[in-house]
Amino acid sequence: MDIVTWARTRSPWLIHFNAGACNACDIEVVAAITPRFDLERFGALLKGSPRHADVMVVTGSVSRQVRERLKRIYEQMPEPKFVVAVGACAISGGVFQQCYNVMEGVDKVIPVDAYIPGCSPKPEAILDGVVKLLKSAGY
Amino acid sequence: MGKREFTIHVGPQHPALKEPENFVFKVDGEYVVDVEPRIGYNHRGIEKAMENRTYIQNLYIVERVCGICSNSHQTCYTQNVEELLGMEIPERAKYIRVLLAELERIHSHLLWLGVAAHEIGFDTLFYYIWRDREVVMDMLEEISGNRVNYAMPTIGGVRRDIAADKIPKYLKMLDVLEERTKFYKNICATEKTVLARADGVGFLSKEDAIRLNAVGPNLRASGVASDIRADSPYLVYDEIPWNVISYDSGDVFANVLVRVDETFESVNICRYCLEHLPDGPIRTIFSPLGKVPEGEAVSLVEAPRGELIHYIQSRGTDKPYRYKIRAPTLGNIPALCEKLRGGYIADIPIVLAGIDPCFSCTDRMVFVDEDRDKRWEMNGEQLRRYGVEWYK
Amino acid sequence: MIPPVLSSLIQVFIFPGFIFILSYAMFCEWVSRKFVARLQNRVGPLYTGWEGILQPLADSIKLLAKEDITPKAADKFVFALMPVAVFALPLTAIFLIPIQSLTNLWGYSPIVSFEGDLIIVLFLLSVIILSIFLAGWSSANRFGIIGATRAALQMLAYEIPLGIAMIGPAIFARSLSIGKIVEWQAQSMHNFLSAPNLMAIPVALLLAVGFIICTVCLLAELELRPFDSPEAETEIVHGWQVEYSGKKLGLLRLGHDVKLVLASALLTSLFLGGPIGPWPIPPVVWFLLKTAVCVLILSNASALFARLRIDQMLGGSWRYLAPLSILYIMAVQIIAGLM
Amino acid sequence: MAMAKELLKNAREKPCTLLYPFEKTAPPEGLRGKHVFVGEKCIGCGLCARVCPAFAIELLGGRGPKMSGMKVYLGRCLFCQQCEEVCPTGAIKLTTDYELAVLKQEDMVLVFERKPPEAKQPKKE
Amino acid sequence: MEDHKRLIGEFTEFLGAENVMESKVPRERRVFVTIKTDKLRDAVKYLKDHEGLTHITTITGIDSGDEIEVLYHLAKKDLSLGLRVMAPMEEPVVDSIVDIFNGAGLYEREVHDILGVAFEGHPDMKRLILPDEWPEGVHPLLKKWTLNKIRETIDGKEW
Ligand code: SF4
Ligand code: SF4
Ligand code: SF4
Ligand code: SF4
Ligand code: SF4
Ligand code: SF4
Ligand code: SF4
Ligand code: SF4
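Residues numbered from 1 in each chain as written. Chains lettered and ligands numbered in written order. Predicted model: local features only at pLDDT ≥ 70, side-chain atom pairs only at ≥ 80, totals over all residues. Heavy atoms only, no water.

Caption draft 1: Quick look at the interface of chain D and chain B. Each partner contributes residues to the interface: chain D has 25 residues there, and chain B has 28 residues. For the pair chain D and chain B, the summed buried area comes to about 2,300 Å², and 52% of that belongs to carbon and sulfur atoms. Inspection of the region where chain D meets chain B yields 2 salt bridges. Of the charged contacts, one joins Glu85(D) and Arg159(B) as a salt bridge, the two residues approaching to 2.6 Å between their closest N and O atoms. Here chain D is connected to chain B by 14 residue pairs in polar contact (both at pLDDT 80 or more). Among the elements of the structure, helix H1 (2–12), helix H2 (47–51) and helix H3 (82–86) of chain D are those that each provide at least two residues to the side of chain D that touches chain B. With 6 residues, H1(D) is the single largest residue contributor to the side of chain D that touches chain B. In terms of residue class, the side of chain D that touches chain B is made up of 15 nonpolar, 4 polar and 6 charged. (Contact = heavy atoms within 4.5 Å. Buried area = accessible area lost by both parts, 1.4 Å probe. Salt bridge = Lys/Arg side-chain N within 4 Å of Asp/Glu carboxyl O. Polar contact = N/O pair within 3.5 Å; in protein donor to acceptor, adjacent residues only side chain to side chain. Helix = DSSP H or I, 4+ residues; strand = E, 2+ residues; numbered from the N terminus. Nonpolar A, V, L, I, M, F, W, Y, C, P; charged D, E, K, R; others polar.)

Here it is as structure tokens:
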């Protein structure tokens, strides 16, 4: 395995984007960095600026109001970048399918690399998703 | 000063926080001169969706108005539907609903406390609090099968029972929570750097709180002892001994104290519920495809963040004709704007967080240069977004 | 015998220069992350190398291999130059600190040394902040600018106490050279052990006070809690670093790590006897041990406190720190005079 | 000071971190996770699909005896258990399997076959 | 209940029986009254000053066919009162009560967004919850705007 891939898969910095979620997925994402689950074990840090991040964790059903922002933030992230959709909302709109103000899924707006079903997924399930993503990238 | 003022948009993007909102601040140097909220980033059109779904389906959509107060929303919804159906739910179900509501309050208040700590840059405290919050999350998961969207209340009662053999274990977990909360109260009251950031910050007077129709802990921190659970008791809150907490100083520190003390009250209520759980069935039957008679009803619930109101109008079909939700944070926005005026930029996050972690999305900002009438993006302007309560 | 040219090259690039300092800087970041995680009841980096020890290395490589975006509005030249400065300046300053001599296992000497190098270090510290200020300013981002301004404001507040606190040992040693100060400490320690003397008590006390003032100021210099408002994540999203990505961010992070080493090295050299100690171990080992302790102290402080608002930091500094450091320097003068 | 004491205490104690995914703890009983379907029991009434709040269940071949199986879209499902609750025969149930992350949308669809009761065969996922 | 009846009696007397179209007390602590639209401000002032209903919980707008109901949820400690006025569907206009209840501003903007009711006298009737690019005139909670029709209008596609 080459050293760059090695470094990349050991240092996934996250940015969390709430695209109109109900908060439940968001608090579970935050819970994943707290001591019980501690994402930092994998070298993951939660970052506030998209410029610093490698992986965007998106929760929520992507309301029309945030669609453009989601795109813009995605564009601001330096390559290579990954997107993880957390929760039914981010995957398909979940319970908010057919609501007039939602886009029904992150992949309608930006490409998604991993999906974590659940409503909301347990922090373990989120870890599971992150690990599966890293594995697919060559961990 | 006119020229020196510039406008900052604070939008949300907080990992620790959630609801998205956008506030336009006029600032002068490090001071905030004026604030204007723009919400709706999270508007999903829930009310319209509810008019198009059956009563059972709505149970789950209403739960997802908000993942933090999910149980409050469901309780509020089921009360409305049960009132129109003229249905009385079993006593045991009422106790279980109260138990869930109070566990949710504990989880929400601890979450808030952690977020507040994060906002003032005290990450260690944030980690400790969230670590200990896992105790209540475990309890909720064990009772309901999910950590945040419990899906416990249903039309006619609750969906899962509390196993008698688990009760001693739950009581022990409550003891742990109580003891840890005591520790946090002590920290907040004695740590100098915490005091420096919370004491006297984000002041709201009693008069303003009433005038601007603030709700919940925010109102109680300004010295008004108003709590739906006491003023307009629902479920069995009038049978359980507990106190309404209020503090007079109206600042972020009072907000902390109100929430910490309410956590103690909630622990006691949970204990009472577990110890006095009546026997009997947990639900009466409502057909999954059932219709609800014509009528209208208003249901009020004290969610962790304050007064929650649902209004229903039924025209006798299997779907509501109109369903209206107003979550507590919206009610607090005018008061919040008042609190922010005249404060420091650096205090924005903690004051925002002070009314509720619902959005502490405060870390992303877009700046607008009003002189040249042009908006440029911050790095981020990633700002985001969201909107809030509006969930609906 | 190694030829002198080669030996200087080795000194500058390998040991105790460039590569050694960089690896040590990354090691320190790891120590500090692990320690803070432990205090927070977490485990911290775990799967990158043994106990995650390679984590900072992985972070750096990843950043260096990442796309590097320069915002349109930024001043491109300054924007690109400043990360280099933020990285190179503290490294230069470390060259002035005595660590280990290549030729003599028991000897120690800085790579460069001259009378007055302490002043140069102080000056470099200020220039680092200046580069930070320019880095934030050139990114043309409001957060960046607010962060930059805060960094500069903070510097005004702690620079004087920091200078005064560092001059204290220099007055005792009657020299402005870090090397001489270290020697003085070795000498007095030796004297004290052979002939205990009451005079040592006030001197030791004063050095302790100096150490505390210095630690506080260095926390601010390093932008660690409670003085991290220039990069406050919740208020201004990493402040002055907000627009940096890829290589430049990698350099900034390495620069920060080197700064951490520099700060600990300064504390070690000025107050803790530098690379010498009561037992015969090579100086470099003493040096590493002592700086590691300083790193722990610094990271402990950042786990213990909440962030102060910038005005609270400034007010506190002028109200308490500055007067305290003046009292301290007066006492140092008196005691040094008595000796 | 209380904080300093707490820091000391934690420095001495073992971190509370669970080493998931390398060491797993059993999920609590009653956790709501992935579905299972017992084809022989299903009577094809379609109630589950009708009550599902997230439109996550699709009956294949229509309701009643025609029904040949069902699709469950895990990417939409809320794991609310309402389908299990309404099913008159207990044909659809939730398990405690929560590790469902995948890299592709298609992998989130469970396809179940319905076996008429006479032809008894093991259930399939 | 007695107290609620007394409140309704005195209120009807104050406003004039011809202006109060309906009143009911469905249960303890709940009252609904419907009044003539032009009496709204008088009624709200009276309730606030004489009955101590100092809290406005929210404002609900309902499309009930030919008219839009605007329902003000006023509250005090042990009472939640729904004060209803009707606005014609073609041109729904109601007086603003922002100067009486400072907290009502956002609620009025919300009702304006979703149902198109104009609140006369509101200082700043800007969009609150709908997206910036949302088309004018599409008020999603009007019954005539079915989900499909909204979708078609904004995205040009149906479900
Ligand atoms: S997936 Fe479920 S829990 Fe997550 S944001 Fe959507 S509704 Fe909330
Ligand atoms: S500081 Fe900012 S980026 Fe960090 S967790 Fe908080 S909101 Fe998110
Ligand atoms: S106030 Fe609203 S958004 Fe906040 S937690 Fe409660 S329901 Fe959720
Ligand atoms: S409802 Fe409240 S918390 Fe939610 S976005 Fe609006 S103001 Fe924020
Ligand atoms: S409740 Fe909020 S989100 Fe729902 S329709 Fe009304 S305004 Fe929109
Ligand atoms: S339960 Fe079965 S038979 Fe009855 S209505 Fe539903 S599908 Fe038809
Ligand atoms: S668990 Fe709920 S959302 Fe999932 S398929 Fe069953 S009814 Fe639908
Ligand atoms: S799984 Fe159950 S509810 Fe669904 S169609 Fe079959 S028998 Fe009916």
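Caption draft 2: Fine view of the sheet that holds strand S5 (residues 79–88) of chain E. All names here are of chain E. The mixed open sheet is built from 5 strands, whose spatial order is S1-S2-S5-S4-S3. Strand pairing shows two members of the sheet lacking a second neighbour, strand S1 (20–27) and strand S3 (55–63), which therefore form its edges. Neighbour-to-neighbour, the strand axes of this sheet turn through a mean angle of 20 degrees, independent of strand direction. Of the pairings in the sheet, the one linking S1 to strand S2 (residues 30–35) comprises 5 bridges and is antiparallel in character. Each bridged residue has a counterpart across the sheet, and for Val-20 the counterpart in S2 is Ile-35. (Pairing = 2+ DSSP bridges. Axes fitted to C-alpha atoms, helices over the stretch in contact; angles between N-to-C directions.)

Caption draft 3: Region of interest: the packing of helix H2 (residues 18–39) of chain C against helix H10 (residues 246–271) of chain C. Residues and elements named next belong to chain C. Where H2 meets H10, the closest approach of the two axes is 8 Å, and the angle between their N-to-C directions is 85 degrees. By the criterion of interaxial angle, the relationship of H2 to H10 is roughly perpendicular. Contact residues: Ile-21, Leu-22, Tyr-24, Ala-25, Met-26, Cys-28, Glu-29 and Arg-33 in H2; Arg-253, Leu-254, Asp-257, Val-258, Leu-260 and Val-261 in H10. Tallied by class, the residues present in the contact of H2 with H10 amount to 10 nonpolar, no polar and 4 charged. (Parallel < 35°, antiparallel > 145°, perpendicular 65-115°, else oblique.)

Honestly, that's just the spatial picture; any functional story needs more than this.
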